Amino acid sequence: MAQKKTFKTIQEINQKIRQGKVVVVTADEMADIVRKKGPEKAAREIDVVTTGTFAPMCSSGAFINFGHSKPPIKALRVWLNGVQAYAGLAAVDVYLGATEAVKDDPLNKIYPGQFKYGGGHVIHDLVAGKKITLKATAYGTDCYPNQLVEKRVTLADLPSAMLLNPRNAYQNYNCAVNLGKKTIYTYMGVLKPNAGNANYATSGQLSPLLNDPFYLTMGLGTRIFLGGAQGYIIGPGTQHNPKAKRGKNGLPLTPAGTLMVMGDLKGMKPEWIAGASLLGYGCSLAVGIGVPIPIINEQMARFTGVSDEDIVTQIIDYGNDYPRGETKSLGQVNYAELKSGTIRFRGEDVPAVPMSSYVKALKIARILKGWIEKGDFFLTEPQVMLPTVPF
Amino acid sequence: MYSKILALRFPEEIVDEPITVNLVRNFDLSFSILKATIYPRKEGFMVLELSGEKSAFQKGVRYLKDLGVKVESIGQDIRRDDEKCFQCGACTAVCPTGALHIKRPEMEVLFDKDRCVACELCVSACMARAMSVTFDKTLLS
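- An unreviewed UniProt entry annotates chain B as 4Fe-4S binding domain protein of uncultured Desulfobacterium sp.

What to know about helix H6 (residues 358–374) of chain A
Residue and element names in this part refer to chain A.
Next up, step 1: Along its 17 residues, H6 runs 24 Å from first to last C-alpha, staying within 8% of the 24 Å computed at 1.5 Å per residue.
Next up, step 2: Three or more residues of H6 are buried, namely Tyr358, Val359, Lys360, Ala361, Leu362, Ile364, Ala365, Leu368, Lys369, Trp371 and Ile372.
Next up, step 3: Capping of H6 at its N-terminal end is provided by Ser357; its side-chain oxygen lies 3.1 Å from the backbone amide nitrogen of Lys360.
Next up, step 4: Phi turns positive one or two residues past the end of H6, at Gly375, with a value near 80°.

Considering the domain arrangement of chain B
Next up, step 1: Looking at chain B, the domain boundaries give domain 1 (2–68) and domain 2 (77–133).
Next up, step 2: Domain 1 of chain B and domain 2 of chain B are separated by 26 Å when their C-alpha centres are compared.

Let's talk about the interface of chain A and chain B
Next up, step 1: In this assembly, 28 residues from chain A lie in contact with 19 residues from chain B.
Next up, step 2: Interface area for chain A against chain B, summed over the two sides, is near 1,700 Å², with a carbon-plus-sulfur share of 64%.
Next up, step 3: Ranking the residues of chain A by area buried against chain B places Ser277(A), Pro354(A) and Val359(A) at the top, with a combined share of 24%.
Next up, step 4: Counting the contacts that link chain A with chain B gives eight residue pairs in polar contact (both at pLDDT 80 or more).
Next up, step 5: Broken down by secondary-structure element, the contributors of at least two residues to the side of chain A that touches chain B are strand S3 (53–56), strand S14 (198–200), strand S19 (273–278), helix H5 (335–340), strand S25 (348–354) and H6 of chain A.
Next up, step 6: A total of five residues in the side of chain A that touches chain B trace back to one element, the largest contributor, which is S19(A).

Here's the deal with the domain arrangement of chain A
Residues and elements named next belong to chain A.
Next up, step 1: Annotation of chain A at the domain level lists domain 1 (10–58 + 165–374) and domain 2 (62–163).
Next up, step 2: Spacing between the C-alpha centres of domain 1 and domain 2 amounts to 31 Å.
Next up, step 3: In this assembly, 29 residues from domain 1 lie in contact with 27 residues from domain 2.
Next up, step 4: Taken together, both faces of the contact between domain 1 and domain 2 bury some 2,200 Å²; the carbon and sulfur share is 67%.
Next up, step 5: Looking only at domain 1, the three residues that lose the most surface to domain 2 are Leu265, Lys266 and Cys283, adding up to 32% of its buried area.
Next up, step 6: Across the domain 1-domain 2 interface, the total number found is zero salt bridges.
Next up, step 7: Where domain 1 touches domain 2, the interface holds nine residue pairs in polar contact (both at pLDDT 80 or more).

Things to note about the pattern of salt bridges
Next up, step 1: This model, assessed by the stated rule, comprises 19 salt bridges over all chains.
Next up, step 2: Between Glu29(A) and Lys369(A) there is a salt bridge, with the nearest N and O atoms lying 3.4 Å from each other. Taken as a pair, Glu29(A) in helix H2 (residues 27–45) and Lys369(A) in helix H6 lie far apart in primary sequence, 340 residues in all.
Next up, step 3: The buried category is assigned to Lys369(A), whose relative accessible area is 18%.
Next up, step 4: Two residues, Glu72(B) and Arg9(B), come together in a salt bridge whose shortest N-O distance is 3.2 Å. Here Glu72(B), found in strand S4 (residues 70–73), pairs with Arg9(B), found in strand S1 (residues 2–10); they are 63 residues apart in sequence, far enough to count as distant. Accessibility classification places Glu72(B) together with Arg9(B) in one group, the buried group.
Next up, step 5: Each of Lys8(A), Lys16(A) and Asp47(A) takes part in salt bridges that share partners, so that together they form one network.

Side note on the pairing of strand S16 (residues 223–226) of chain A
Residue and element names in this part refer to chain A.
Next up, step 1: Residues of S16 alternate between two faces, with Arg223 and Phe225 on one and Ile224 and Leu226 on the opposite face, all of them buried.
Next up, step 2: Here S16 pairs with strand S17 (residues 229–236) via four bridges, running antiparallel. Bridging from a neighbouring strand, Ile224 pairs with Gly231 of S17.
Next up, step 3: Pairing analysis gives two bridges linking S16 to strand S20 (residues 282–290), with the strands arranged antiparallel. In the strand pairing of S20, Leu226 is matched with Ile289.

Considerations on the sheet that holds strand S21 (residues 292–294) of chain A
All names here are of chain A.
Next up, step 1: Taken together, three strands build an open sheet; the order of strands is S1-S2-S21 and the sheet is mixed. Looking at strand neighbours, the two that pair on one side only are strand S1 (24–26) and S21, the edges of this open sheet. Going across the sheet, the axis of each strand differs from the next one's by a mean of 25°, ignoring polarity.
Next up, step 2: Taken together, the three bridges between strand S2 (residues 48–50) and S21 define a ladder with antiparallel strand orientation. Within the sheet, the bridge partner assigned to Val48 lies in S21 and is Pro294.
Next up, step 3: Contacts from H2 reach S1 and S2 within the one sheet, and its direction differs from that of S1 by about 100°.

As for H2(A)
Residue and element names in this part refer to chain A.
Next up, step 1: Between the first and last C-alpha of H2 there are merely 14 Å, a value that for 19 residues lags more than 12% behind the 27 Å anticipated at 1.5 Å per step.
Next up, step 2: The sharpest bend along H2 comes to roughly 115°, located at Gly38, with the proline Pro39 sitting one to four residues further on.
Next up, step 3: Taken together, the buried positions of H2 are Ala27, Asp28, Met30, Ala31, Ile33, Val34, Gly38, Pro39, Ala42 and Ala43.

Section: the sheet that holds strand S2 (residues 30–38) of chain B
Residues and elements named next belong to chain B.
Next up, step 1: Strand order in the open sheet made by the four strands is S2-S3-S1-S4, with antiparallel pairing throughout. Each having just a single partner strand, S2 and S4 make up the two edges of the open sheet. Strand-to-strand twist in this sheet, taken as the mean axis angle between neighbours without regard to direction, amounts to 20°.
Next up, step 2: Across four bridges, the pairing between S1 and S4 is antiparallel. The partner of Leu8 across the bridge, within S4, is Val71.
Next up, step 3: Running at roughly 0° to S1, helix H2 (residues 54–67) makes contact with S1, strand S3 (44–52) and S4 of the sheet.

What counts and how
Every residue gets a number counted from 1 within its own chain, in the order that chain's sequence is written. In the order they appear in the text, chains get letters beginning with A and ligands get numbers beginning with 1. The model is predicted, so local features are restricted to residues of pLDDT at least 70 and side-chain atom pairs to those at 80 or more, both for listing and for counting; the totals for chains, interfaces and linings are taken over all residues. In computing side-chain values, all of the structure's heavy atoms are included and hydrogens and water are not. Only DSSP runs of H or I covering at least 4 residues are called helices, and only runs of E covering at least 2 are called strands; the numbering of each starts at the N terminus. For a helix, the expected span equals 1.5 Å multiplied by the residue count minus one. Whether a residue is buried, partly exposed or exposed follows from its accessible area with a 1.4 Å probe, protein chains only, as a fraction of its type maximum: under 20%, in between, or over 50%, in that order. For this analysis, a polar contact is any N or O atom pair within 3.5 Å, provided that within protein one partner can donate a hydrogen and the other can accept it, and provided that sequence-adjacent residues contribute only side-chain to side-chain pairs. Throughout, the edges of the domains are those of an automatic or database domain assignment. Contacts are assigned to residue pairs with any non-hydrogen atoms lying within 4.5 Å of each other. Buried area, as used here, totals the accessible surface that two parts lose on assembly, with accessibility defined by a 1.4 Å probe and the loss added over both. Here a salt bridge means any side-chain nitrogen of Lys or Arg lying within 4 Å of a carboxyl oxygen belonging to Asp or Glu. Between any two strands, at least two bridges found by DSSP are needed for them to pair. Axis lines are fitted to C-alpha atoms, over the contacting stretch for helices. Their N-to-C directions set the angle, which ranges from 0 to 180 degrees. Note that bend, as reported per residue, equals the angle between axes fitted to the 7 residues terminating at that residue and the 7 residues originating from it.

Laid out in structure tokens, this is it:
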């Protein structure tokens, strides 16, 4: 496949947004449009395709500046509602990670641990406008003599609170089964023995990176829907792997690309950024992300025309293989099969269970579509593209 | 035909009464035992689906209450907080009766209280912690 010449620029699309003439569709609608009209016609008619995903994304957290007290403190250890934040930064800056559990949580000592409260829940409480308790301890310095600060704060009281997630929106993910003899509790949910269920975790045809498999339209500076507000892609996420094996349609067959994203917590909504408790595994943060994909050429129309049956993933055993660090494929399955609720595995019907909310993913794609149509959201041109491979 | 899932709690003194047999023999009811346990403090707990004529059902329940059995309707005890629910569907992996199920192709996650047997597996499996049991859980531990 040769790269098609650009025939629509982002500036032109933004001009259409300003004029109220932009044509936006959601990624599921685009699949039908491309099927009916072909990619060339679709590229002429459609300007932007909106995507969405909502699922627990563990590599998430927030940089928080909690402001100076009188006398000031150079915080050594900081807890927010009892959840420790990393304080090895400037005096009143911390990073609160989504998976940090509240102190005194029994973790997996009472197995499977419930992980009822952690960093993700603190972020959720802040976004919901709740008061939280901040405690900071210090050794005291000549300029920052205070050794203890304890106060109740809301998000509005914090001088700055920036969500900065090192790895979100995985492009494709494993389908997990358990071939062991007892129930296991994983980040892919509860897996019953003898392949009692098969869990999967992407929004398929709505998923941002599955609609732009070679990352041709996104990179540092791409404006996105993040947690109900406008945020940005700031680079490839950790473990971003464009070199993953791909099918003929260019889509990766295993987990591949990822995004690092950033956005101001103060504009976010609790419906789209929520604490999660993964039984027997840990705390997390469910993040809502929607990426607008500009249809700059026929190539992008073809890519965004992807539908669930085109997207294939691998079935991996989390009972024996995965805990040994092996990810041997036990078979392939596509997202149309997964979403049907039952897959055939080793000659038997196995219930397929989503960990990712398709309902919320679709809502995100629709909200983003609405923002663009109303002129509340303009596309940005990425300044540095994500690492990719030739196609 | 009337059918309801009931949670029955028995005090220690009547834990050995043949109550299910009496429900069948004296009230012409049929039953399906979904859960039955005797706890360390010797109280019994049983989740029972009871079916039959509505008037017979009511008489049967009256018989249980007169015996000293605490009778609760299960469907009212497990709740879903729809605002908290992520609509992901992870709960459907553990729900044994299909009370929690996915409507396709919309992928909406629905909770049908009538099919719920209050096994509580969803309560901890729900990552959003949207499912809750409202009766006294200390009785179950």
